[in-house]
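# Survey of secondary and tertiary structure
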Amino acid sequence: MKIALYTYSTRPRGGVVHTLALAEALQDAGNEVVIYALSRNGLSFFRPVKTAVKLIPFSSRSDEEFESRILRYIDTYVEALEEETLDTFDIHHAQDCISANSLYQLREKGLIPFFCRTVHHLDDFTSPVLVQCQNRSVIEPDALITVSRYWQDRLESIYGRTSQVIYNGVEQRFFQEEGNRRLTYDQYELKGKTVFLTIGGIEPRKNTLGILRAYARVKEIIPESVLLIVGGDTLFDYQY
């Protein structure tokens, strides 16, 4: 099959990392895969990618309101994809709210027959514009995939949408040998220290502030301790 995967960014966010891994796995299984992504300020993906990639330029504006930027993300995506030959793909697969809204518009214009979306999570938006954007990204796809039973149940209870659970896979390269582990300890000067590790983006839904406050108390009790925060950039402009 020929498969198009769509993501909103080239930065190492969870959904983007998932997109690249999925694309490469599908290609290794014998499919032809193309990844479409918005490229903010000309940035390429954070790592080399084995599949075909088409980046859509998006320029930042320092004085732009967040809601306006999200809508411009979608408009930019749609305008660029209208110039692509999309009817050669067997599957159109959105990985986030922005790309799902873009594919919805393309389907309404008759440029694609259907699309599916993987829902990694839902955000607690309060802005009417962003709430509508998220709702449309869940209601409009012809099929939904989720990564856990929790989100499958949430989609059913909130939107009445059924979805297929496909759990995230495991990449062998993340399981380091003992020698590599020692190098990591040396690089970050962790020898002899108690290490606390948190993995995820730095944002409210990851409870980043709670983790920092908790570790501040731990540090008083265990002075020889280190907190490692491993997470990618975030779409949102969170300021604490």
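Now for a look at the structure at hand. (Residues numbered from 1 in each chain as written. Predicted model: local features only at pLDDT ≥ 70, side-chain atom pairs only at ≥ 80, totals over all residues. Heavy atoms only, no water.)

### Notes on the packing of helix α3 (residues 97-108) against helix α4 (residues 128-139)
Pairs of packed helices are described in terms of their axes, by the angle between the two and the distance that separates them. Contact pair α3 / α4: the axes reach a minimum separation of 8 Å and the direction vectors enclose 70°. Comparing their axes, α4 and α3 come out roughly perpendicular. Between α3 and α4 the crossing geometry is left-handed. Contacts between α3 and α4 involve Cys 97, Ala 100, Asn 101 and Tyr 104 on the former and, on the latter, Cys 133, Gln 134, Arg 136 and Ser 137. Its residues placed into classes, the contact of α3 with α4 shows 4 nonpolar, 3 polar and 1 charged. (Axes fitted to C-alpha atoms, helices over the stretch in contact; angles between N-to-C directions. Helix = DSSP H or I, 4+ residues; strand = E, 2+ residues; numbered from the N terminus. Parallel < 35°, antiparallel > 145°, perpendicular 65-115°, else oblique. Left-handed = near helix turned anticlockwise from the far one by under 90°. Contact = heavy atoms within 4.5 Å. Nonpolar A, V, L, I, M, F, W, Y, C, P; charged D, E, K, R; others polar.)

### Focus: the environment of Arg 47
Counting through the fold element by element, Arg 47 comes out in the loop between β2 (32-40) and β3 (52-58). Between the alpha carbons of Arg 47 and Arg 11 there is a distance of 9.3 Å; along the sequence they are 36 residues apart. A polar atom in the side chain of Arg 47 sits 3.0 Å from the side chain of Glu 24. (Polar contact = N/O pair within 3.5 Å; in protein donor to acceptor, adjacent residues only side chain to side chain.)

### Focus on the pairing of strand β8 (residues 194-199)
Bridge analysis of β8 against strand β9 (residues 225-230) gives 6 bridges, and the strand direction is parallel. Counted as the bridge partner of Thr 194 is Ser 225 from β9. With helix α7 (residues 208-221) bridging β8 and the parallel β9, this β-α-β connection has right-handed handedness. (Pairing = 2+ DSSP bridges. Right-handed = clockwise from strand over helix to strand, strands pointing away.)

### Side note on the environment of Thr 126
Structurally, Thr 126 can be placed in the loop between β5 (116-119) and α4. A sequence separation of 94 residues divides Thr 126 from Glu 220, and the C-alpha atoms of the two residues are 37 Å apart.

### Some thoughts on the packing of aromatic side chains
Evaluated as defined, the whole model comprises 6 aromatic pairs. Geometrically, the ring pair formed by Tyr 6 and Tyr 36 is stacked, given 5.3 Å between the ring centres and 10° between the ring planes. Linking Tyr 6 in strand β1 (residues 2-7) with Tyr 36 in strand β2, this pair joins segments that are 30 residues apart in sequence. The ring of Phe 89 carries the charged tip of Lys 2 above its face, separated from the ring centre by 4.8 Å. (Phe/Tyr/Trp six-rings, centres within 6.5 Å; stacked < 30°, edge-to-face > 60°. Lys NZ or Arg CZ within 6 Å of the ring centre and 35° of its normal.)

### Looking at the pattern of salt bridges
The tally for this structure, following the rule as stated, stands at 8 salt bridges. Salt-bridge contacts for Asp 142 lead to Arg 107; the nearest nitrogen and oxygen are separated by 3.2 Å. One end of the pair, Asp 142, is in the loop between α4 and β6 (143-146); the other, Arg 107, is in helix α3, and 35 residues separate them in sequence. (Salt bridge = Lys/Arg side-chain N within 4 Å of Asp/Glu carboxyl O.)

### Some remarks on unusual backbone geometry
Trans peptide bonds make up the majority, and among non-glycine residues the majority have a negative phi. Residue Asn 41 is not a glycine yet carries a positive backbone phi of 55°. In this fold, Asn 41 is placed in the loop between β2 and β3. One non-glycine residue with positive phi stands out, namely Glu 189, at about 55°. Turning to its location among the elements, Glu 189 is positioned in the loop between α6 (178-187) and β8.

### Focus on α3
In a regular helix each residue adds 1.5 Å, so 12 residues correspond to 16 Å; α3 covers 17 Å between its end C-alpha atoms and thus fits that length. Of all 12 residues in α3, 10 are buried; the element is thus mostly enclosed. Inspection of α3 places Cys 97, Ile 98, Ser 99, Ala 100, Asn 101, Ser 102, Leu 103, Tyr 104, Leu 106 and Arg 107 among the buried residues, and these make up the whole buried set. Its buried side turned inward, α3 meets β1, β2, α2 (66-81), β4 (91-94), β5 and α4. Measuring from the side-chain oxygen of the N-cap residue of α3 to the backbone nitrogen of Ile 98 gives 3.1 Å; that N-cap residue is Asp 96. (Expected span 1.5 Å × (residues − 1). Buried < 20%, exposed > 50% of the residue type's maximum accessible area, 1.4 Å probe, protein only.)

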